[in-house]
Amino acid sequence: REDIEKLLEYKKVPVSAAIIVIDEEVHISNCLNNLVRAVDEIIIVDTGCKDKTIEIARRYPNVNLVKFQWCDDFSAARNAAFAHITSDWVIWIDADEYLYEDDIENIRMVASIYDNIQIPVLFRIGHLNAMSDGEIIGVYDTNRMFSLKHPFKFYSRIHEQVILDGNDMYNRNAISIPVKIRVYHDGYSG
């Protein structure tokens, strides 16, 4: 019914995606195919690609490329993207991950529902690791989506975590919420 459809509508909130890359020509198309339909812009942080990753990425709409001199610090590369993101919301995806088709609409919906909340919120997205034999193992979730209205940043050179600026890695002043946004990680699939 039309009246129920109206009740279920949500405000369209712009969302950006950010990806750090180095020599990901094998994966970048899979990563971007669903992502371009889920977000308004994609910031790709090039940490020194020597293959066709950037050439492939340029074929997609709303992709903005940022050069970053690799300094052996994943958090530094991720944090460098913040100055280039134009929306209030960001979701971080790795180049060897791709968004689950059924969850494309969920990114904007989640941002819309929580857009005006004053409490800093981190959204935990699901990861499904695909192995070379097609088996899915290592299902887990991690904080990868948040509003830039709050001073979030990445912390730690490797195994980086999202924190509120001025907090420790346990984010005692932020709420972490699991959401139905899932990515397949095919970096282990050979």
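Residues numbered from 1 in each chain as written. Predicted model: local features only at pLDDT ≥ 70, side-chain atom pairs only at ≥ 80, totals over all residues. Heavy atoms only, no water.

Peer 1: It is not clear to me how the packing of helix 2 (residues 28–38) against helix 5 (residues 104–114) should be interpreted in this structure. Could you clarify?
Peer 2: Angle between the axes and distance between the axes: these two values describe a pair of packed helices. Viewed as axis vectors pointing N to C, helix 2 and helix 5 meet at an angle of 40°, and their least axial separation amounts to 8 Å. Classified by the interaxial angle, the pair formed by helix 2 and helix 5 is oblique. Every pair of crossing elements has a handedness; the one defined by helix 2 and helix 5 is right-handed. Facing Asn 34, Arg 37 and Ala 38 of helix 2, the residues of helix 5 in contact are Ile 104, Ile 107 and Arg 108. Of the residues belonging to the contact of helix 2 with helix 5, the class tally is three nonpolar, one polar and two charged. (Axes fitted to C-alpha atoms, helices over the stretch in contact; angles between N-to-C directions. Helix = DSSP H or I, 4+ residues; strand = E, 2+ residues; numbered from the N terminus. Parallel < 35°, antiparallel > 145°, perpendicular 65-115°, else oblique. Left-handed = near helix turned anticlockwise from the far one by under 90°. Contact = heavy atoms within 4.5 Å. Nonpolar A, V, L, I, M, F, W, Y, C, P; charged D, E, K, R; others polar.)

Peer 1: Would you mind going over empty space enclosed by the protein with me for this structure?
Peer 2: Space left empty within the atom packing is revealed by a probe, the size of a water molecule, rolled over the atoms. For the structure shown, the criterion picks out one cavity of 30 Å³ or more. Here the largest cavity defines a volume of roughly 50 Å³. If you trace the largest cavity, you find it lined by Trp 89, Tyr 114, Asp 115, Ile 117, Ile 119, Pro 120, Val 121, Ser 147, Lys 149 and His 150. Looking at the lining of the largest cavity residue by residue, the class counts come to six nonpolar, two polar and two charged. (1 Å grid on protein atoms, 1.4 Å probe; cavity = no way out; pocket = protein on both sides within 12 Å on 5 of 7 lines; lining within 4 Å. Points joined across faces, edges and corners; volume = space filled by probe spheres on them.)

Peer 1: Sorry if this is basic, but what is going on with the state of the cysteines here?
Peer 2: By definition, a disulfide links the sulfur atoms of two cysteine residues through a covalent bond. According to the stated counting rule, one finds zero disulfides in the structure shown. Cysteine Cys 31 is unpaired, with the sulfur of Cys 49 as its nearest cysteine sulfur at 12 Å. Note on Cys 31: relative accessible area 1%, which makes it buried. Here Cys 71 stays free of any disulfide, with the sulfur of Cys 49 as its closest cysteine sulfur at 15 Å. (Disulfide = S-S within 2.5 Å. Buried < 20%, exposed > 50% of the residue type's maximum accessible area, 1.4 Å probe, protein only.)

Peer 1: I tried to follow a nonpolar patch on the surface on my own but got confused; where do I start?
Peer 2: Taken together, the side chains of Ile 4, Leu 7 and Leu 8 present a nonpolar region at the surface, about 340 Å² in accessible area. Note on Leu 8: relative accessible area 61%, which makes it exposed. (Patch = residues over 30% accessible without salt bridge, like charges linked within 9 Å, V, L, I, M, F, W, Y side chains within 5 Å. Areas by Shrake-Rupley, 256 points an atom, 1.4 Å probe, with all protein chains shown as cover. Salt bridge = Lys/Arg side-chain N within 4 Å of Asp/Glu carboxyl O.)

Peer 1: Sorry if this is basic, but what is going on with the pairing of strand 8 (residues 152–155) here?
Peer 2: Two faces, one strand: in a regular strand the side chains alternate between the faces of the sheet. By the alternation rule, side chains of strand 8 split into Phe 152 and Phe 154, which are all buried, and Lys 153 and Tyr 155, of which none is buried. Pairing between strand 8 and strand 9 (residues 161–164): four bridges, direction antiparallel. Counted as the bridge partner of Tyr 155 is Gln 161 from strand 9. If you look at the hairpin formed by strand 8 and strand 9, you'll find five residues sitting between the two strands, and Ser 156 has a positive phi there, around 95°. (Pairing = 2+ DSSP bridges.)

Peer 1: Explain helix 2 here, please?
Peer 2: Owing to its 3.6 residues per turn, the α-helix aligns residues three or four sequence positions apart on the same side. Among all positions in helix 2, only Ile 28, Cys 31, Leu 32, Asn 34, Leu 35 and Ala 38 are buried. Buried-residue contacts for helix 2 involve strand 1 (15–21), strand 2 (41–46), helix 3 (53–57), strand 5 (97–99) and helix 5.

Peer 1: Is there a simple way to think about the environment of Gly 48 in this case?
Peer 2: In this structure, Gly 48 sits in the loop between strand 2 and helix 3. For Gly 48, a relative accessible area of 25% gives the class partly exposed. Taking the C-alpha atoms as reference, Gly 48 lies 44 Å from Leu 8; in sequence the two are 40 residues apart. The contacts of Gly 48, once residues within four sequence positions are left out, are Val 21, Ile 22, Asp 23 and Phe 68.

Peer 1: Looking at this structure, how should I read the nonpolar core?
Peer 2: The nonpolar side chains of a soluble globular protein tend to be buried with one another. Within the largest apolar cluster, 36 residues are counted, with the highest numbers of intra-cluster contacts made by Ile 19, Ile 44 and Ile 91. Sorting the residues of this core by element identifies strand 1, helix 2, strand 2, helix 3, strand 4 (89–92), helix 5, strand 6 (121–130) and strand 10 (175–185) as the ones contributing at least two each. Per-element tally for this core: the top contributor is helix 2, with five residues. (Core = buried A, V, L, I, M, F, W, Y, C linked by side-chain atoms within 4.5 Å.)

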